[in-house]
Amino acid sequence: MMEYDIALIKGDGIGPEVIGQAVRALDAVGAAYGHAFRYKELLAGGCAIDALGVPLPTETVAACKAADATLLGAVGGWKWDGLPGGARPEAALLGLRKELGLYANIRPALLFDALSDACPLKPELTAGGLDFVVVRELTGGIYFGERGVEDAGAMGKAAYDVERYSEAEVRRIGAVAFETARGRRGRLTSVDKANVLESSRLWRRVLTEMAAEYPDVELGHMYVDNAAMQLVRAPKQFDVIVTSNMFGDILSDEASMITGSIGMLPSASLGEGSYGMYEPIHGSAPDIAGQDKANPFAAILSAAMLLRHTLKLEREAAALEDAVRAALAEGYRTPDIYTEGTKLIGTAEAGERVAEAVARHIP
Ligand code: NAD
């Protein structure tokens, strides 16, 4: 039996509820396929501030580094909203990305057939479901560049933020994107603003050079304004999108919206090697915390990404995704995705349905 070490950061609000169900789902996979998952529960976010006075304790970082992967719920909440920037629960996320060297953010945008009603686009644009991935550079570009506010004389104050990418930074995110496309339908769209920005021209040149190393992947380029339009005009044309930190921030939110509820979408943040941190894209949802109303599917699908990317357990990852698909096809819905005629269930029962579906489909 293979054993794997998973660092577990449940966090705040609905974090513990959804991660509880992700663990239940993982254990069902373990039982079905003969793996043991060992969990180490760690504090980060508001609960860490309450217990230890800091959002990201050093022992949490050390334990995350020592594990095979980290699974995180969400951090933050009203209780800590008055704290200044670096002392807030959300500082734990930036700290973890930086400490763990996670430079690639992978967000699959998957519209399950059974949820096509939840998509705001016309049905003919999404017939057969949607399935593409946004690969966003996470630790460079304008969010991390030089910035400042200066006196501009008669113009008053002026502020600036610098977008800067090195060839090495583009190459490492490019490699993640090409590899991701290689494992899927083999189409990669690089999104930039090369008609205006020097940094985008470098980005485009590096991606184009890399294409020679990946003859099985078809590389295309698209300006970001066009990409924003194409995502709602013809989303099925995309397989894998790769883009900079800021463009990715915006486009991945657009992509999540066209696939229905925020409670359905997982993400992975990857660094060198197979290590990764996996988390639903939603926050701690303090408005529904502790009421058994949260949708745990995003957390469960994050666990499926962990199985695939870090543990290389493709069959098990697919089994978990199939189990979510089965629960939806059987009509089970948490409140955020409920429509008339379906069966309303809570967080815990949603996890139970998935675990049951995994057990039913043991190979
Ligand atoms: P949110 O994602 O927590 O909630 C937005 C809305 O979506 C709410 O109405 C919520 O009830 C609903 N929602 C979210 N997840 C859901 C789920 N799984 N099932 C059903 N409904 C769900 O965003 P917010 O309200 O802007 O932020 C709340 C707190 O979370 C803030 O403190 C914020 O900083 C933090 N936050 C944390 C993360 C993270 O940990 N990665 C991400 C975003 C926001």
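Keep in mind that this is a model prediction, so the values were computed, not measured.

Take the packing of aromatic side chains next. All told, the structure shown has four aromatic pairs when counted by the stated rule. The interplanar angle of 25° and the centroid separation of 5.9 Å between the aromatic rings of Y4 and F37 together place this pair among those described as stacked. With Y4 in strand β1 (residues 2–11) and F37 in strand β2 (residues 35–42), this pair connects stretches of sequence that are 33 residues apart. This pair shows no difference in class: Y4 is buried, exactly as F37 is. Judged by centre distance (5.4 Å) and plane angle (70°), the rings of Y165 and W203 are edge-to-face. One end of the pair, Y165, is in the loop between β7 (157–161) and α6 (167–182); the other, W203, is in helix α7 (residues 198–210), and 38 residues separate them in sequence. Like W203, Y165 is buried. If you follow R172 out to its NZ or CZ, it ends over the ring of Y103, 4.1 Å from the centre.

Moving on: the layout of surface pockets. Looking at the largest pocket, its volume works out to about 780 Å³. T180, R184, M305, R308 and H309 are the residues nearest the centre of the largest pocket, which is lined by 30 residues in total. When contributions to the lining of the largest pocket are tallied by element, the ones reaching two or more residues are β4 (104–111), β5 (130–137), α6, β11 (266–270), α10 (297–309) and α11 (314–329). Here the lining of the largest pocket takes four residues from α10, the largest share from any one element. Looking at the lining of the largest pocket, its residues break down into 14 nonpolar, six polar and ten charged. Shared between two domains, the lining of the largest pocket holds at least three residues of each, these being domain 1 (1–107 + 262–363) and domain 2 (120–258). Looking at the second largest pocket, its volume works out to about 360 Å³.

This part takes up the domain arrangement of the chain. Domain boundaries in the chain define domain 1 (1–107 + 262–363) and domain 2 (120–258). Computed from C-alpha atoms alone, the centre-to-centre distance between domain 1 and domain 2 is 26 Å. Contact with domain 1, which involves eleven residues of that partner, is made by 15 residues of domain 2. Both sides together, the interface formed by domain 1 and domain 2 hides about 1200 Å², and carbon and sulfur atoms give 63% of it. Considering only the surface of domain 1 that becomes buried against domain 2, Y103, N105 and R107 emerge as the three largest contributors, covering 58% of it. One can count one salt bridge joining domain 1 with domain 2. Across the pair D253 and R107 runs a salt bridge whose closest N-O atoms are separated by 3.3 Å. Put simply, domain 1 and domain 2 have five residue pairs in polar contact (both at pLDDT 80 or more) between them. It is β4 that provides the largest number of residues to the side of domain 1 that touches domain 2, a total of four residues. Tallied by class, the residues present in the side of domain 1 that touches domain 2 amount to six nonpolar, two polar and three charged.

The rules behind these values
- Residues numbered from 1 in each chain as written.
- Predicted model: local features only at pLDDT ≥ 70, side-chain atom pairs only at ≥ 80, totals over all residues.
- Heavy atoms only, no water.
- Phe/Tyr/Trp six-rings, centres within 6.5 Å; stacked < 30°, edge-to-face > 60°.
- Helix = DSSP H or I, 4+ residues; strand = E, 2+ residues; numbered from the N terminus.
- Buried < 20%, exposed > 50% of the residue type's maximum accessible area, 1.4 Å probe, protein only.
- Lys NZ or Arg CZ within 6 Å of the ring centre and 35° of its normal.
- 1 Å grid on protein atoms, 1.4 Å probe; cavity = no way out; pocket = protein on both sides within 12 Å on 5 of 7 lines; lining within 4 Å.
- Points joined across faces, edges and corners; volume = space filled by probe spheres on them.
- Nonpolar A, V, L, I, M, F, W, Y, C, P; charged D, E, K, R; others polar.
- Domains from an automatic or database assignment.
- Contact = heavy atoms within 4.5 Å.
- Buried area = accessible area lost by both parts, 1.4 Å probe.
- Salt bridge = Lys/Arg side-chain N within 4 Å of Asp/Glu carboxyl O.
- Polar contact = N/O pair within 3.5 Å; in protein donor to acceptor, adjacent residues only side chain to side chain.

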